[in-house]
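Residues per chain, in single letters:
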Amino acid sequence: LLILALAEPMIGRAPTPGTGPLVLLVDNGWTAAPGWDRRHALMDEWIRDAKGVVIVATAQTPDTDILDAARAQRLARALEPQPWLPDRRAAVQAIVHMKFSARPRIIWLSDGIEDGHGRETADRLARIGALTIYADNAGPLALLPPDNTANGISLIAMRVRFAGARDASVAAIGRQGGTLASAPLRLRD
């Protein structure tokens with residue numbers, strides 16, 4: 001988290017235009033799931049005016065095709081969080097091997113989690129192009145395995161960083177995908 005803070009992440013501001021293609025490095029592991037709709041909106045906004053776009057998702061096999069705006073928007077809308085952690089090193093390695101005709105504008109849509117390679121990721125991306133990092137404010141929540149008690153099920157929720165009080169909800173999903181039970185969750189400040 002310290003590394004991302006030192007990289008001066010920005011949230012909600014449009015990046016400055018660059019001369020080369022737009023490269024979106026998108027953390028899409030389970031830790032990026034909160035606020036995914038906001039990520040779709042940001043990607044749509046950035047792609048709209050881009051002439052060439054590369055979308056590299058960190059929780060999938062890296063794809064480094066340069067797309068036109070219409071194809072990039074379809075790909076961005078289809079992008080979803082995956083139930084595993086991202087592999088930023090593999091994603092950045094794919095970008096390193098690309099040949100750009102002009103210095104690209106790179107936007108790292110980060111989940112805000114320090115995986116031990118945050119500074120390395122930011123440094124390598126900054127050597128390739130003009131880097132802007134966007135990070136989530138609240139960060140993901142994690143649940144420890146439930147305990148059966150005399151009063152029902154007990155859960156412990158954890159968060160990556162302290163950010164004051166936070167409201168969420170938790171749901172028990174059955175094997176067929178239906179909601180068995182749900183309850184509000186309040187993290188105190």
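Predicted model, so just to flag it, every value in this text is computed and none were measured. (Residues numbered from 1 in each chain as written. Predicted model: local features only at pLDDT ≥ 70, side-chain atom pairs only at ≥ 80, totals over all residues. Heavy atoms only, no water.)

**Thoughts on the overall build of the protein**
Phase 1: The number of helices and strands found in the protein is five helices and ten strands.
Phase 2: Burial status across the protein gives 39% buried among its 189 residues.
Phase 3: The contacts of the protein with a sequence gap of at least 6 include a subset with a gap of at least 24, amounting to 68%.
Phase 4: Carbon and sulfur atoms make up 53% of the accessible area of the protein, which totals about 10800 Å². (Helix = DSSP H or I, 4+ residues; strand = E, 2+ residues; numbered from the N terminus. Buried < 20%, exposed > 50% of the residue type's maximum accessible area, 1.4 Å probe, protein only. Contact = heavy atoms within 4.5 Å. Areas by Shrake-Rupley, 256 points an atom, 1.4 Å probe, with all protein chains shown as cover.)

**Details of the packing of helix α2 (residues 36-48) against helix α3 (residues 69-78)**
Phase 1: It is the contact of α2 with α3, at a shortest axis distance of 9 Å, that shows an interaxial angle of 175°. On the basis of the axis angle, α2 is roughly antiparallel to α3. Judged by residue contacts, His-40, Met-43, Asp-44, Ile-47 and Arg-48 of α2 engage Ala-69, Ala-72, Gln-73, Ala-76 and Arg-77 from α3.
Phase 2: For the contact of α2 with α3, the class distribution of residues is five nonpolar, two polar and three charged. (Axes fitted to C-alpha atoms, helices over the stretch in contact; angles between N-to-C directions. Parallel < 35°, antiparallel > 145°, perpendicular 65-115°, else oblique. Nonpolar A, V, L, I, M, F, W, Y, C, P; charged D, E, K, R; others polar.)

**Looking at the packing of helix α4 (residues 88-96) against helix α5 (residues 118-128)**
Phase 1: Remark: α4 packs on α5, axes separated minimally by 10 Å, with the N-to-C direction vectors making an angle of 15°. Taken together, the axes of α4 and α5 lie roughly parallel to each other. Crossing of α4 over α5 shows left-handed handedness. Counted together, Arg-88, Arg-89, Val-92, Gln-93, Ile-95 and Val-96 of α4 and Glu-120, Thr-121, Arg-124, Leu-125 and Ile-128 of α5 form the full contact between these two elements. (Left-handed = near helix turned anticlockwise from the far one by under 90°.)

**A look at the nonpolar core**
Phase 1: In terms of nonpolar packing, the biggest core is built from 21 residues, with Leu-22, Leu-24, Val-26, Met-43, Trp-46, Ile-47 and Ile-55 touching the most fellow members.
Phase 2: Mapped by element, the contributors of at least two residues to this core are β1 (22-26), α2, β2 (53-57), α3 and β3 (105-110).
Phase 3: Of all the elements, α2 adds the most residues to this core, at five residues.
Phase 4: Among the nonpolar cores identified, the runner-up in size contains 14 residues, and Ala-91, Val-92, Ile-106 and Trp-108 belong to it. (Core = buried A, V, L, I, M, F, W, Y, C linked by side-chain atoms within 4.5 Å.)

**Digging into the packing of aromatic side chains**
Phase 1: What the rule picks out here adds up to one aromatic pair.
Phase 2: The interplanar angle of 50° and the centroid separation of 4.8 Å between the aromatic rings of Trp-46 and Tyr-134 together place this pair among those described as tilted. Of this pair, Trp-46 sits in helix α2 while Tyr-134 sits in strand β4 (residues 130-135), placing them 88 residues apart in sequence. For the pair Trp-46 and Tyr-134, one class covers both residues: buried. (Phe/Tyr/Trp six-rings, centres within 6.5 Å; stacked < 30°, edge-to-face > 60°.)

**Notes on the pairing of strand β9 (residues 166-173)**
Every other side chain in a regular strand lies on the same face of the sheet, so the side chains alternate between the two faces.
Phase 1: Across eight bridges, the pairing between β9 and strand β10 (residues 179-187) is antiparallel. Bridge pairing in β10 links Ala-168 to Leu-185.
Phase 2: Two successive antiparallel strands, β9 and β10, enclose a turn made up of five residues, where Gly-177 displays a positive phi of approximately 95°. (Pairing = 2+ DSSP bridges.)

**Comments concerning the pattern of salt bridges**
Phase 1: Using the criterion set out here, one finds six salt bridges in the structure.
Phase 2: Between Arg-89 and Glu-120 there is a salt bridge, and its shortest N-O distance comes to 3.6 Å. Here the residue Arg-89 occupies a position in helix α4, and Glu-120 occupies one in helix α5, the gap between them amounting to 31 residues.
Phase 3: According to the relative accessible area criterion, Glu-120 is partly exposed, its value standing at 29%.
Phase 4: Through salt bridges that share partners, Asp-27, Arg-88 and Asp-111 make up one connected network. (Salt bridge = Lys/Arg side-chain N within 4 Å of Asp/Glu carboxyl O.)

**Remarks on the confidence of the model for the protein**
Phase 1: Chain-level pLDDT for the protein is 83 on average; 84% of the residues reach the 70-or-more range.
Phase 2: The model gives residues 10-17 a pLDDT under 50, and that stretch makes 21 contacts with residues more than four places away or in other chains. (pLDDT = per-residue confidence, 0-100.)

**Quick look at the sheet that holds β2**
Phase 1: In space, the four strands of this open sheet follow the order β2-β1-β3-β4, with parallel pairing throughout. The open sheet has two edge strands, β2 and β4, and neither has a second partner. Each strand of the sheet is rotated relative to its neighbour by a mean of 15°, with strand direction disregarded.
Phase 2: By the bridge criterion, five bridges tie β1 to β3 in an arrangement that is parallel. Residue pairing in the sheet places Leu-22 in a bridge with Arg-105 of β3.
Phase 3: The sheet contacts of α4 involve β1, β2 and β3, and relative to β1 the element is tilted by about 165°.

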